[in-house]
Every structure is written in C-alpha cells, then in structure tokens.
Amino acid sequence: MHEENLKLGVNIDHIAVLREARKINDPDPLMALGVCAQNGADQITIHLREDRRHIHDEDVRRILESSSLPVNLECSINPEIIDIVCTLRPHRATLVPEKREEVTTEGGLDVRGQYEAILNAINKLSENEIEVSLFIDPTNEAVELSCKLGAQWVELHTGTYANVYAMRHSALPHSHHAIETLRLSRKELDSRLNGSYEVIVDAANKARMLGLKVAAGHGLNYQNVKSIVDIDTIEELNIGQSIIARSVFTGLATAVSDMKALCQR
Ligand code: PXP
C-alpha cells in the first residue's frame, strides 16, 4: 500500500535546549507552534524527559493548550512519568528508552526485556484514550512484539542509518565518526549503509503488514532523508535537531518548509 502523504512531525526540544542554556524564558518553544503549522508540519513532537533537561511539564501543558497540530509526547515507561502523561493527555505518547547520561535517545526500546513494563504503560495510556507508539530498533522481533503488545504505531530508529550515512558521505564532521571512517573502505561503508537501510525497509514493511502505523526518526537531516522518504510503508517522520540547527541560519519557517519539500513523494 502506498502512503502518498508523508507526514512531518517537527521535534522542537532543541528550542528548549537553547533556552535551558541560560535558564531563562527565551527562546520559548511555544513560539514555534504557529511557524511549524504554517510551513507544512503535521505534528509537534516533544520529549518530557525524567530529568526535565529541556521540556518541562508546564511547556507540555502550554503546547497542548495552544497547538493547532496534534502533539506527540515522547516519554519513558517509568510509571510516574506515565501517570503525568495520562494527566497531560497528548494526542499520542511515544515510549522511548531513557538513560540519564545519554546525550539523546540511543537505540530503541528493549521490547523483549521490558515487555511487562511496556505493557503496563500501554494499558494505562490506552485507558486514558492516548494513542501509543513504540520507538524500536528496526528488527522483525521488535516489530512483532510491538504488535503483540497492542501499540497502534511503531517509530523505527534511524540512528544507525544516519550515522553510517554521515561516515560514508562525510556530510558532518563528527570526530567519532571520522576516526572510524579512517579504518573502513568505501566498499565496507557502502555495504554497511545498504544493510542499515534494508533493515528499515524490512521492518517498515513487516509492521505495515501486521496492521501497525509506521513512523521513523532520529538523526534524519536534509542530506540523508531522501531514501527514507522513498520507503512507502512509512507514513510519518519525526525530525528535530537538523531542522532547529538549520533554523539558526535560515529561520524556522524556511527550515521547516525545506524539510517538508523533501518529504514530498
Ligand atoms: N524520534 C524520537 C523517538 C526521538 O527520541 C528523537 C530524538 O529526541 C527524534 C525522533 C528526533 O531525532 P533528531 O533530533 O535526531 O531529529
């Protein structure tokens, strides 16, 4: 089945990252809502982390109150957080793994190891009529277990693909990538890139076949997004860092509309 319209969820966490650099009220993530909506975004995505390092409960409340677009709230499966999310009532909750020391969400949920805890979170959210998505690695097992758990959506983690893409194309001067790149031949990088892409294609197709809705995200940018857009069983992308980074130079309106243009099929 071909999804004509690929939806774009804009993750605005990084606006709050900038605000928290000074712990003042500027820039206010709320100011992004209208700009995103007017420039092709289909959804606002935010992450209420346990340590509240960027988005705060009050941000979620204000964003939910003011957004004309559906709000996808990423959160951990910690029961205290799930209770808060049930009170906040976003349109969708995306369950993600969370470690305090990590810079960003590294890897998908451990769906097998945390099956019961994820099930409890899904049940609680569903009782509160909140749609649930599971952020998973692109593997057949994670997709099958997500279906068994009763999630409506899976979001496939594209981080490995994005990292290998950056290594292959040297698109970004990431030093930790550069060091590894030196040791790998172009042929090896091509093969890794192909492998990291094919698992996303397979997982998306499998999820769709099982009746799940399929999103993807993490590390997607203006260079690497095209191949992911071409996977027609994916119906939504959630993209944050690259859009907010570009907005520093172009303004948010252009950064969002440029990405939306790349999402056209
Ligand atoms: N989707 C999920 C579930 C995430 O945790 C993140 C990162 O917060 C993103 C998408 C967006 O990733 P990026 O900021 O690298 O575009």
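The full set close to the ligand counts 13 residues, and E74, E155, G219, G240 and Q241 are the nearest of them. The contact in question runs from an oxygen atom of the ligand to an N or O atom on the side chain of E74, over 2.9 Å. At a separation of 2.8 Å, an oxygen atom of the ligand approaches a polar backbone atom of G240. With the chains in place, 93% of the 400 Å² that the ligand exposes on its own is no longer accessible. Tallied by class, the residues present in the shell around the ligand amount to three nonpolar, eight polar and two charged.

One face of the sheet, then the other: side chains in a regular strand alternate in exactly this way. A large share of strand β2 (residues 43–47) lies buried, amounting to five of its five residues. Sheet analysis places strand β1 (residues 7–11) next to β2, joined by three bridges and oriented parallel. Bridged to N11 within β2 is T45. By the bridge criterion, four bridges tie β2 to strand β3 (residues 71–75) in an arrangement that is parallel. Looking across to β3, one finds that I44 is bridged to V71.

Another aspect to go through is the packing of helix α7 (residues 159–169) against helix α9 (residues 186–209). Two numbers describe how α7 lies on α9: the axes approach to 9 Å, and their chain directions differ by 155°. Considering the angle they form, α7 stands roughly antiparallel to α9. Crossing angle aside, the handedness with which α7 passes α9 is left-handed. Across the interface between the two elements, T160, Y161, V164, Y165, M167, R168 and H169 of α7 pack against R186, L189, D190, R192, L193, S196, Y197 and I200 of α9. In terms of residue class, the contact of α7 with α9 is made up of eight nonpolar, three polar and four charged.

Cut-off values and rules
Residues numbered from 1 in each chain as written. Predicted model: local features only at pLDDT ≥ 70, side-chain atom pairs only at ≥ 80, totals over all residues. Heavy atoms only, no water. Near = heavy atom within 4 Å. Polar contact = N/O pair within 3.5 Å; in protein donor to acceptor, adjacent residues only side chain to side chain. Areas by Shrake-Rupley, 256 points an atom, 1.4 Å probe, with all protein chains shown as cover. Nonpolar A, V, L, I, M, F, W, Y, C, P; charged D, E, K, R; others polar. Buried < 20%, exposed > 50% of the residue type's maximum accessible area, 1.4 Å probe, protein only. Helix = DSSP H or I, 4+ residues; strand = E, 2+ residues; numbered from the N terminus. Pairing = 2+ DSSP bridges. Axes fitted to C-alpha atoms, helices over the stretch in contact; angles between N-to-C directions. Parallel < 35°, antiparallel > 145°, perpendicular 65-115°, else oblique. Left-handed = near helix turned anticlockwise from the far one by under 90°. Contact = heavy atoms within 4.5 Å.

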